[in-house]
Amino acid sequence: MGFSKTAAVALAATLGATPVLADLVFPDLSYRTGPFAAGGVPFSDGYQDYFTLLNERDGGIGGVMTRIVECETGYNTEKGVECYEATKGESPLVYQPLSTGITYQLIPKVTADKIPMHTMGYGRTSAANGEIFEWVFNYPGTYWDAASIMVKHALDVEGSLEGKTIALLYHNSAYGKEPIRTLEELSQKHGFELTTLPVDSPGQEQKSQWLQIRREKPDYVFFWGWGVMNSTAVQEAANIRYPMDKFIGVWWSGAEPDVLPVGEGAHGYKSVNFTGVGTDFPIFDDLQTYVVDSGKAAGDGSNLGQVQYNRGMFAAMLAAEAVKTAQEIHGVAEIDASMMRDGMEALSVDAATMEALGLPGFAPEVNVTCSNHSGPGMALVQQWDAEAQRWNAITDYIASDREVIQPLIDADAEAFASENGIEPRDCG
């Protein structure tokens, strides 16, 4: 759903006699320090730079300037909750906690405080059920979607997974455990054997897990890592000469800092991704002109086009489009958190919208509804070219197996509702 420049001007004009509008506030629960900073820094840069671009080029959104309130969490759940409590008085429109652990702690808080939360491709998968999780959104997809897409890719390569073995190497946390239930169901459907290999945080000690992989020789290794754990795993895989084209990471395990330290040994490693990579999109010309060259970038400008930078930019774009949608729905430019929730639930970002934003073909189309807070559940598979030092998409966008996933989502969401005394909404 777009918001035309003419409409924006008209809306701003009608409000011209009122006092200066309050900013549209977006907290950034960042982690620029600690063992997960390699992913946290570029994501935060992309998130902030997009809002800066909207301010500098467009005068904000619908005539209202945006404002980032950054709070460092260090990817620590307790600090993340402290950041939420410290910033919620700023009239924030939406929280992006960037941690599944923080997400689980904030779900009851944002629900009570009536502030929407967007956990883009992470968090509690069953929050996809909007009838029960009214204030939580996880579009454009969930960890269960990612697990299914990885299985589908292996199926495309192998023809059949009957009798094959898949090892899940995962961060031993709520984040890493999230795909296990889905992979168990898919193993029954497709006849493969699943082995689970937890790695304790921060994930630099993986020798025993890779010794087991070397000994058991699974046909595939699926990987749910983050931060320093990622490059460690890719290095260990290279050390035992595990075939890199059978080593597939989730979208948080497939960025430049995960592979560059390994050099040629990382060649052929794969991951799923739901956004475009690189700077070959028109929006980057504007980012360079209005943000980087003017000295207003959140970082030093060197992260533009990297996987996590582009993902942070995408998160900001989805938030901005939800603001425009909310402004249209409610007929006001200065929206509040409850209006933002309405905009997020009515969000529709199609190919034409992305092209108009300077991001043609950047991501799958996203359509959110009352009952479906997770959007399309699609991702592509990308592969690392160590010589060119770039990720290349090797598939089109693949849809997850929602026939398997949706009953799991509903069962988990209904259990949550029962435990917490939540009466599901009627989405019609």
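Refer to the structure printed above.
All of the points below concern the structure found in this document. What you are looking at is a predicted structure, and each value in this text was computed from that prediction instead of being measured. (Residues numbered from 1 in each chain as written. Predicted model: local features only at pLDDT ≥ 70, side-chain atom pairs only at ≥ 80, totals over all residues. Heavy atoms only, no water.)

### Looking at the environment of F223
Moving on, step 1. Tracing the backbone shows F223 in strand β7 (residues 220–224).
Moving on, step 2. Classification of F223 as buried rests on a relative accessible area of 0%.
Moving on, step 3. Counting along the chain gives 56 residues from F223 to A167, while the straight-line C-alpha distance between them is 8.4 Å. (Helix = DSSP H or I, 4+ residues; strand = E, 2+ residues; numbered from the N terminus. Buried < 20%, exposed > 50% of the residue type's maximum accessible area, 1.4 Å probe, protein only.)

### Some remarks on the layout of surface pockets
Moving on, step 1. Here the second largest pocket defines a volume of roughly 380 Å³.
Moving on, step 2. What lines the second largest pocket is a set of 21 residues, and nearest its centre among them are G276, V277, G278, R390 and W391.
Moving on, step 3. Looking at the lining of the second largest pocket, the elements with two or more residues in it are β12 (378–385) and β13 (390–393).
Moving on, step 4. With 4 residues, the single largest contributor to the lining of the second largest pocket is β13.
Moving on, step 5. Taken together, the residues that form the lining of the second largest pocket break down as 8 nonpolar, 10 polar and 3 charged. (1 Å grid on protein atoms, 1.4 Å probe; cavity = no way out; pocket = protein on both sides within 12 Å on 5 of 7 lines; lining within 4 Å. Points joined across faces, edges and corners; volume = space filled by probe spheres on them. Nonpolar A, V, L, I, M, F, W, Y, C, P; charged D, E, K, R; others polar.)

### Topic: the packing of helix α7 (residues 180–190) against helix α15 (residues 402–420)
Moving on, step 1. Relative orientation of the contacting elements α7 and α15 amounts to 140°, with a least axis distance of 10 Å. By the criterion of interaxial angle, the relationship of α7 to α15 is oblique. Crossing of α7 against α15: the hand is right-handed. Along the contact surface, α7 presents R181, T182, E185, L186 and K189, while α15 presents V404, I405 and L408.
Moving on, step 2. For the contact of α7 with α15, the per-class residue count stands at 4 nonpolar, 1 polar and 3 charged. (Axes fitted to C-alpha atoms, helices over the stretch in contact; angles between N-to-C directions. Parallel < 35°, antiparallel > 145°, perpendicular 65-115°, else oblique. Left-handed = near helix turned anticlockwise from the far one by under 90°. Contact = heavy atoms within 4.5 Å.)

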